[in-house]
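If you want the building blocks of each chain, they are given just below.
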Amino acid sequence: KVIQLHTEFHDLLYKLSKSKKLFQMISQFNDYFYRYRVALIRTVGNIEYTAEDHRDMLNAMKKKSPRLVEKVVREHLERNRQFILKAIDAGKMTP
C-alpha cells in the first residue's frame, strides 16, 4: 500500500507540472523508478524521510514558492541518491 501511494504521489506531481514532455520522459522510466522506489521504501529509516520530504514539497507548493519546491525536491533526490549508493556498496541493491 505504501509503495502504491508513493507512486501515485509522484505521478500526481508529474501531471501537475503540466509539462507533456516531462510526463512523457518520466513515463519512459517508470519501471526503473519503481524498482528503486520499492528498495528505498524498504530501507530502514528512509520511509520517514520520504514522508517528511513529501510533506515539505506539498507545503512549498501551497506557499506557491517555486524556489522552495526546487530546493526540497533537490534535497529529496540527493538523500535518495545517497541511500541507493550505500545500498549498492553494501551489496543490498544492484545498479
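Please read these numbers as outputs of a predicted model, since none were measured by experiment. Each chain has its residues counted from 1, running along the sequence as written. In view of the model being predicted, local features appear only for residues whose pLDDT reaches at least 70, and side-chain atom pairs are presented and counted only at 80 or more, with totals across whole chains, interfaces and linings using the full set of residues. Note that water and hydrogens are dropped before the side-chain values are worked out from all heavy atoms of the structure.

**Q** I would appreciate a short explanation of the nonpolar core in the present structure.
**A** Nonpolar side chains tend toward joint burial in soluble globular proteins. Ranked by size, the top nonpolar core spans six residues in total: Tyr-36, Leu-40, Phe-83, Ile-84, Ala-87 and Met-93. Strands are runs of DSSP state E lasting at least 2 residues, helices are runs of H or I lasting at least 4, and numbering of each runs from the N terminus. Of all the secondary structure elements, the ones that give two or more residues to this core are α3 (30-42) and α5 (66-89). If one sorts the elements of this core by residue count, α5 sits on top with three residues. Note on definitions: a residue-residue contact is assigned when non-hydrogen atoms from the two residues lie within 4.5 Å. Once residues lying within four places of it in the same chain are set aside, the contact partners of Ile-84 are Tyr-36, Leu-40 and Met-93. Residues grouped as a nonpolar core are buried Ala, Val, Leu, Ile, Met, Phe, Trp, Tyr and Cys residues, joined through side-chain atoms within 4.5 Å. Exposed residues in this analysis have more than 50% of their type's maximum accessible area, buried residues have under 20%, and partly exposed residues fall in between, with area computed by a 1.4 Å probe over protein chains only.

**Q** What is the right way to read a nonpolar patch on the surface from this model?
**A** Among the surface-exposed residues, Met-25, Phe-29 and Tyr-32 lie close enough to one another that they form a single nonpolar patch of about 310 Å² accessible area. On the basis of relative accessibility, which here comes to 44%, the residue Tyr-32 falls in the partly exposed class. Exposure above 30% relative accessible area and no salt bridge define the residues that can form patches, which grow by joining like charges within 9 Å and nonpolar side chains of Val, Leu, Ile, Met, Phe, Trp and Tyr within 5 Å. Note on areas: Shrake-Rupley with a 1.4 Å probe; residue coverage comes only from the protein chains shown. The working definition used for a salt bridge is a side-chain nitrogen of Lys or Arg within 4 Å of a carboxyl oxygen of Asp or Glu.

**Q** Explanation requested: the environment of Glu-78 in the structure shown.
**A** Relative to the assigned elements, Glu-78 resides in helix α5. A relative accessible area of 34% means that Glu-78 is categorised as partly exposed. Within the local environment of Glu-78, its side chain forms a polar contact with the side chain of Arg-81, the two groups lying 3.0 Å apart. For this analysis, a polar contact is any N or O atom pair within 3.5 Å, provided that within protein one partner can donate a hydrogen and the other can accept it, and provided that sequence-adjacent residues contribute only side-chain to side-chain pairs.

**Q** Please clarify how the packing of helix α4 (residues 46-62) against α5 should be interpreted in this entry.
**A** Each pair of packed helices can be described by the angle between their axes along with the distance between the axes. Note on geometry: axes are lines fitted to C-alpha atoms, helical ones only across the stretch in contact, with angles between N-to-C directions running from 0 to 180 degrees. Where α4 meets α5, the closest approach of the two axes is 8 Å, and the angle between their N-to-C directions is 165°. The angle between α4 and α5 falls in the class roughly antiparallel. The way α4 lies across α5 gives a crossing that is left-handed. Contacts between α4 and α5 involve Asn-46, Tyr-49, Thr-50, Asp-53, His-54, Asp-56, Met-57, Ala-60 and Met-61 from the former and Leu-68, Val-69, Val-72, Val-73, His-76, Arg-79, Asn-80 and Phe-83 from the latter. Amino acid classes used here: Ala, Val, Leu, Ile, Met, Phe, Trp, Tyr, Cys and Pro are nonpolar; Asp, Glu, Lys and Arg are charged; the rest, including Gly, are polar. Of the residues in the contact of α4 with α5, the class split is nine nonpolar, five polar and three charged. Roughly parallel here means an angle under 35 degrees, roughly antiparallel means over 145, roughly perpendicular means 65 to 115, and every remaining angle is called oblique. Crossings are sorted by hand: turned counterclockwise from the far helix by less than a right angle, the near helix makes the crossing left-handed, and turned clockwise it makes it right-handed.

**Q** Sorry, what's going on with the pattern of salt bridges here?
**A** Applying the stated criterion across every chain yields a total of four salt bridges. Two residues, Glu-70 and Arg-74, come together in a salt bridge whose shortest N-O distance is 2.8 Å. In this pair, Glu-70 and Arg-74 both sit in helix α5, four residues apart, roughly one turn of the helix. Residue Glu-75 pairs with Lys-71 through a salt bridge whose shortest N-O separation is 2.8 Å.

**Q** Any chance you could explain the side chain of His-10 here in plain terms?
**A** Here His-10 lies in helix α1 (residues 2-16). Beyond its immediate stretch of four places on either side in the chain, His-10 contacts Arg-37, His-54 and His-76.

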